[in-house]
Amino acid sequence: MKLKKVHAYVFVFPSLFLTLVFGIYPLLWALRYMFYDYQGFGTPVFIGLDNFGRVLRDHQFWSSVGNTGIYALGKLLVTVPLSLILAIILNRKLKGRSLLRAIYYLPTIFSASVMAIVFFIIFNSYNGILNQLLLKYHLVSAPINWLGADHAMLTTIIIAIWGAVGNYMLLFLAGLQGIPNDLYEAASLDGANEFQKLKYVTIPMLGPVMQMIIMLAITISLKGYESIMVLTEGGPYGKTEVMYLYLFKLLFPVSAESQSLQQLGYGSAVGFTTALIVGGVTFIYFRISKKLNDVY
Amino acid sequence: MNPTNTYHTLSPKLARWTGKTVLWVFLLTAAILAIFPIVIVVLGSFKTNQELTSSATIWPQSWHFSNYVQAWKNANFSRFTLNSIFVSVATTIGTLLVASMSAYAVNRVHFFGKKAYSLLMASTLFISIGAVVLRPQFDLMVMLGLNKTLWGIIIILVSAHATCYFMLIGFFRSIPKDLDEAAMIDGCNFYSVYWRIVLPLLRPALAVAGLSAFQGSWNEYILPLVFTMSNPELQTLPVGLANLRYGIGAAAEIQLMMAGACLSILPLLVVYVFANKSFMQVTLGAVKG
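All figures in this text were calculated on a predicted structure; none of them were measured in a lab.

The number of helices and strands found in chain B is 15 helices and 0 strands. Against the globule reference of 19 Å for 289 residues, chain B gives a C-alpha radius of gyration of 25 Å, more extended than a compact globule. A total of 289 residues make up chain B; the buried ones form 50% of that total. Taking all contacts inside chain B whose residues are at least 6 apart in sequence as the whole, residues at least 24 apart take part in 70%. When the accessible surface of chain B is summed, it comes to about 14,000 Å², and 69% of that surface belongs to carbon and sulfur atoms. Averaging the positions of the 18 positive and the 9 negative side-chain charges in chain B gives two centres separated by 11 Å.

Dropping the structure here:
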């Protein structure tokens with residue numbers, strides 16, 4: 001019996017070792033450097049909470065927080081209802097149901113960065129495929145500057161919706177399949193029509209699952225930045241700069257602009273603040289949605 | 001949801017017909033929007049650059065397979081593909097091995113620290129401060145001398161195996177412990193039970209978890225981007241493709257970007273067609289776990 005425990009430790013060791021060294025240690029590293037002035041080279045200087053004071057005064061950061069809010073809200077307001085409607089339709093008996101499910105899910109399997117390149121080619125204002133088609137069929141009289149300051153955020157939201165709907169549709173489908181059939185049969189016996197079944201059985205029964213799915217959707221959309229990074233790099237004029245993209249630029253000099261920004265100590269403080277904001281929003285949503293659930 | 005309600009004045013037959021039409025128009029529009037970009041990139045990869053930039057066609061006027069030859073040879077996609085395959089295969093095998101070993105031990109043996117370990121794994125799913133951890137991870141790899149190989153990326157990807165762990169541990173409950181005991185009586189030890197009894201039985205679960213690990217590592221962008229900033233020869237497909245945008249004259253060679261994008265979505269597309277059901281399970285597992 002004792003030997004078995006030794007075997008167990010041997011088997012857990014690789015997992016534990018990797019998690020501690022490449023997961024937990026980097027986290028502690030970041031927590032420490034929040035309190036330092038550290039550019040990534042030279043000697044780190046302890047400055048206490050100064051980095052956080054700087055976060056509070058950092059207009060670029062707070063504008064990225066605002067952009068993240070617009071981005072997440074725009075994405076969620078379309079993605080959640082649309083994926084729920086698709087899931088409800090595809091949960092019923094319907095010809096071609098599994099093919100449609102497969103088609104709607106397809107966009108979610110591809111890399112956000114690769115799809116951003118594809119959308120860059122489609123939305124390109126000068127010679128993009130979309131503008132060419134719109135002009136050809138006389139739907140617009142002049143090319144729309146999809147990636148310009150006025151529309152860039154809308155474009156990134158459209159791309160985010162495209163990549164997310166299939167995923168949430170599937171999660172909603174899983175939730176719908178958890179509703180016992182007896183309830184629908186009972187409702188039918190009581191003379192309920194399809195609309196009443198939806199209102200009095202499906203939606204209330206789906207409540208807890210929906211709460212979890214929306215929470216997941218909120219955190220994921222607050223964290224997303226890969227496709228924006230590839231599509232617009234946060235531009236034009238910082239119009240599509242989201243929190244995590246701004247953070248990334250503080251930490252890694254990928255372009256000439258971010259080269260001047262690079263600041264590891266300050267970046268750690270921004271990272272911590274960002275995580276707090278995401279956690280805070282999730283917590284507030286959780287409280288509100290719980291209260292709403294209690295009311296029903 | 002039932003459109004018949006809104007058409008009281010119409011005859012029931014007509015109302016039902018109208019409702020069905022509206023439903024199918026909606027479903028088909030959504031389906032077309034979902035696959036439009038994929039169709040555009042696949043068909044676009046065979047067009048000439050001139051056709052791509054100046055004439056609004058969907059179907060290619062003539063098919064240019066040479067785009068792929070050019071992307072493969074001149075734009076270095078052979079190198080990117082090889083790197084991507086290496087990273088994804090190694091990460092998938094590593095993740096499955098590490099996660100299944102620890103899941104097996106946690107599910108079968110009571111040992112000191114088990115609760116703490118499970119808590120640690122669960123917390124790694126929730127703690128995320130984004131890109132901040134990339135720098136210390138990179139420094140660690142420099143210390144280990146692995147920053148100039150693909151192993152640095154692979155090890156970090158394998159270390160994020162918590163999702164896979166939770167997927168597998170769910171499946172372990174369905175493998176009866178009696179089976180282990182019977183095998184032990186027949187002369188198996190802890191390790192051979194794992195290797196010869198448990199892993200073969202776990203095959204469907206390993207397929208689902210492996211698919212998710214493969215998809216994740218094949219699509220990973222940020223980590224390879226950071227690691228290949230000074231080693232361009234290590235770039236994977238998403239990084240190499242994104243860099244085409246900034247390369248000199250790249251803007252003029254959209255057909256190469258299209259062919260490159262196709263090369264990087266093709267393996268997942270093929271796997272998806274054959275393993276559609278498993279893909280669906282990947283996400284279904286996520287809502288339960």
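Back to the text.
Under the defined criterion, the tally for this structure stands at 36 aromatic pairs over all chains. Between Trp29(A) and Tyr33(A) the ring centres are 4.6 Å apart and the planes differ by 50°, which places this aromatic pair in the tilted class. Of this pair, Trp29(A) and Tyr33(A) are both found in helix α1 (residues 2-33), 4 residues apart, which corresponds to roughly one turn of the helix. Grouping residues by exposure puts Trp29(A) and Tyr33(A) together as buried. Measuring from centroid to centroid gives 5.0 Å for Phe46(B) and Phe65(B), while their planes differ by 65°, and the two rings are edge-to-face. With Phe46(B) in the loop between α1 (12-44) and α2 (49-54) and Phe65(B) in the loop between α2 and α3 (66-73), the pair connects residues that are 19 residues apart, well separated along the chain. By relative accessible area, Phe46(B) is classed as buried at 13%. A cation over a ring is seen here: Arg32(A) above Tyr33(A), with NZ or CZ 5.0 Å from the ring centre. A cation over a ring is seen here: Arg54(A) above Tyr266(A), with NZ or CZ 3.7 Å from the ring centre.

Moving on, we come to the pattern of salt bridges. Residues and elements named next belong to chain A. Scanning the model with the defined rule gives 5 salt bridges over all chains in all. We note a salt bridge from Glu 194 to Arg 92, for which the minimum N-O separation is 4.0 Å. With Glu 194 in helix α9 (residues 194-223) and Arg 92 in the loop between α3 (59-90) and α4 (97-105), this residue pair connects regions lying 102 residues apart in the sequence. Residue class for Arg 92 comes out partly exposed when judged on its relative accessible area of 42%. If you follow the salt bridges from partner to partner, you end up with Arg 92, Glu 194 and Lys 197 in one network.

Attention now goes to the nonpolar core. Formed by 156 residues in total, the largest nonpolar core has its most connected members in Tyr104(A), Phe172(A), Tyr225(A), Phe248(A) and Phe77(B). A total of 15 residues in this core trace back to one element, the largest contributor, which is helix α7 (residues 152-177) of chain A. When we break this core down by domain, the ones giving at least three residues each are domain 1 (14-63) and domain 2 (75-287) of chain B. Leaving out residues up to four positions away in the same chain, Phe172(A) has contacts with Val80(A), Ser83(A), Leu84(A), Ala87(A), Leu206(A), Met210(A) and Ile213(A). Among the nonpolar cores identified, the runner-up in size contains 34 residues, and Ala8(A), Ala99(B), Phe111(B) and Ile175(B) belong to it.

Looking now at the packing of α1(A) against helix α4 (residues 77-108) of chain B. The geometry of α1(A) relative to α4(B) is characterised by a closest axis approach of 8 Å and an angle of 140° between their N-to-C directions. By the criterion of interaxial angle, the relationship of α1(A) to α4(B) is oblique. The crossing of α1(A) and α4(B) is left-handed. When α1(A) is examined against α4(B), the residues Lys4(A), Ala8(A), Val10(A), Phe11(A), Val12(A), Pro14(A), Ser15(A) and Leu18(A) are found in contact with a partner set consisting of Val98(B), Met101(B), Ser102(B), Tyr104(B), Ala105(B), Val106(B) and Arg108(B). Considering only residue class, the contact of α1(A) with α4(B) consists of 11 nonpolar, 2 polar and 2 charged.

The subject of this paragraph is the UniProt feature "transmembrane region" (unreviewed entry) in chain A. All names here are of chain A. Here, UniProt's "transmembrane region" (unreviewed entry) annotation points to residues 7-28, 70-90, 102-123, 152-179, 200-222 and 264-286. Counting secondary structure, residues 102-123 comes out at 73% helix and 0% strand; the distance between its end C-alpha atoms is 25 Å. Between the C-alpha atoms that bound residues 200-222 there is a distance of 32 Å. The span itself is 100% helix and 0% strand.

What follows covers the side chain of Asn67(B). Here Asn67(B) shows up in helix α3. Apart from residues lying up to four places away in sequence, Asn67(B) is in contact with Ser45(B), Phe46(B), Lys47(B), Gln255(B), Leu256(B) and Ala259(B).

As a further point, take helix α14 (residues 254-274) of chain B. End to end, α14(B) covers 30 Å across 21 residues, agreeing with the expected 30 Å (1.5 Å per residue, within 8%). The largest bend in α14(B) comes to about 40°, at Ile265(B), with the proline Pro267(B) one to four residues further on.

Residues and elements named next belong to chain B. Taking the UniProt record as the reference, the feature "transmembrane region" (unreviewed entry) is found at residues 21-46, 85-106, 118-138, 150-172, 193-214 and 254-275. The span residues 21-46 is 92% helix and 0% strand, and its two end C-alpha atoms sit 36 Å from each other. For the annotated span residues 118-138, helix accounts for 67% and strand for 0% of the residues, and the straight-line distance between the end C-alpha atoms is 26 Å.

It is the contact of α1(A) with helix α10 (residues 190-201) of chain B, at a shortest axis distance of 10 Å, that shows an interaxial angle of 55°. It follows that α1(A) is oblique to α10(B) by the angle criterion. Of α10(B), the residues touching α1(A) (which contributes Lys4(A), His7(A), Ala8(A), Val10(A) and Phe11(A)) are Phe190(B), Tyr191(B) and Tyr194(B). Its residues assigned to classes, the contact of α1(A) with α10(B) comprises 6 nonpolar, 1 polar and 1 charged.

The next point concerns the interface of chain A and chain B. With 85 residues of chain A in contact, the opposing surface of chain B contributes 89 residues. In this assembly, chain A packs against chain B so that about 8,000 Å² is buried in total across both faces, 79% of it on carbon and sulfur atoms. Counting every contact that joins chain A to chain B gives 12 residue pairs in polar contact (both at pLDDT 80 or more). Among the elements that line the side of chain A that touches chain B, the one with the most residues is α1(A), at 22 residues. In terms of residue class, the side of chain A that touches chain B is made up of 61 nonpolar, 15 polar and 9 charged.

Helix length check: α4(B), at 32 residues, gives a terminal C-alpha distance of 45 Å against a target of 46 Å (1.5 Å per residue), a fit within 8%. α4(B) sits mainly inside the fold: 24 of its 32 residues count as buried.

With that settled, the discussion passes to a nonpolar patch on the surface. A cluster of nonpolar residues, Leu3(A), Val6(A), Val10(A) and Tyr191(B), forms a patch on the protein surface that exposes about 350 Å² of accessible area. Here the element with the most residues in the nonpolar patch is α1(A); it accounts for 3 residues.

Another point: the domain arrangement of chain B. Interfaces are often sized by the accessible area lost when the parts come together. All names here are of chain B. Along its sequence, chain B is organised into domain 1 (14-63) and domain 2 (75-287). Once you take the C-alpha centre of each, domain 1 and domain 2 turn out to be 33 Å apart. In total, about 730 Å² of surface goes out of reach between domain 1 and domain 2, with carbon and sulfur atoms giving 80% of it. Sorting the residues of domain 1 by area buried against domain 2 places Val 41, Ser 45 and Asn 49 first, and these three jointly supply 55% of that buried surface.

Reading guide: rules and limits
Residues numbered from 1 in each chain as written. Chains lettered and ligands numbered in written order. Predicted model: local features only at pLDDT ≥ 70, side-chain atom pairs only at ≥ 80, totals over all residues. Heavy atoms only, no water. Helix = DSSP H or I, 4+ residues; strand = E, 2+ residues; numbered from the N terminus. Rg over C-alpha atoms; globule rule 2.2 N^0.38 Å. Buried < 20%, exposed > 50% of the residue type's maximum accessible area, 1.4 Å probe, protein only. Contact = heavy atoms within 4.5 Å. Areas by Shrake-Rupley, 256 points an atom, 1.4 Å probe, with all protein chains shown as cover. Lys, Arg positive; Asp, Glu negative; His and termini not counted. Charge placed at Lys NZ, Arg CZ, Asp CG, Glu CD. Phe/Tyr/Trp six-rings, centres within 6.5 Å; stacked < 30°, edge-to-face > 60°. Lys NZ or Arg CZ within 6 Å of the ring centre and 35° of its normal. Salt bridge = Lys/Arg side-chain N within 4 Å of Asp/Glu carboxyl O. Core = buried A, V, L, I, M, F, W, Y, C linked by side-chain atoms within 4.5 Å. Domains from an automatic or database assignment. Axes fitted to C-alpha atoms, helices over the stretch in contact; angles between N-to-C directions. Parallel < 35°, antiparallel > 145°, perpendicular 65-115°, else oblique. Left-handed = near helix turned anticlockwise from the far one by under 90°. Nonpolar A, V, L, I, M, F, W, Y, C, P; charged D, E, K, R; others polar. UniProt positions renumbered as here; feature names shortened; annotations may be inferred. Expected span 1.5 Å × (residues − 1). Bend = angle between axes of the 7 residues up to and from the residue. Buried area = accessible area lost by both parts, 1.4 Å probe. Polar contact = N/O pair within 3.5 Å; in protein donor to acceptor, adjacent residues only side chain to side chain. Patch = residues over 30% accessible without salt bridge, like charges linked within 9 Å, V, L, I, M, F, W, Y side chains within 5 Å.

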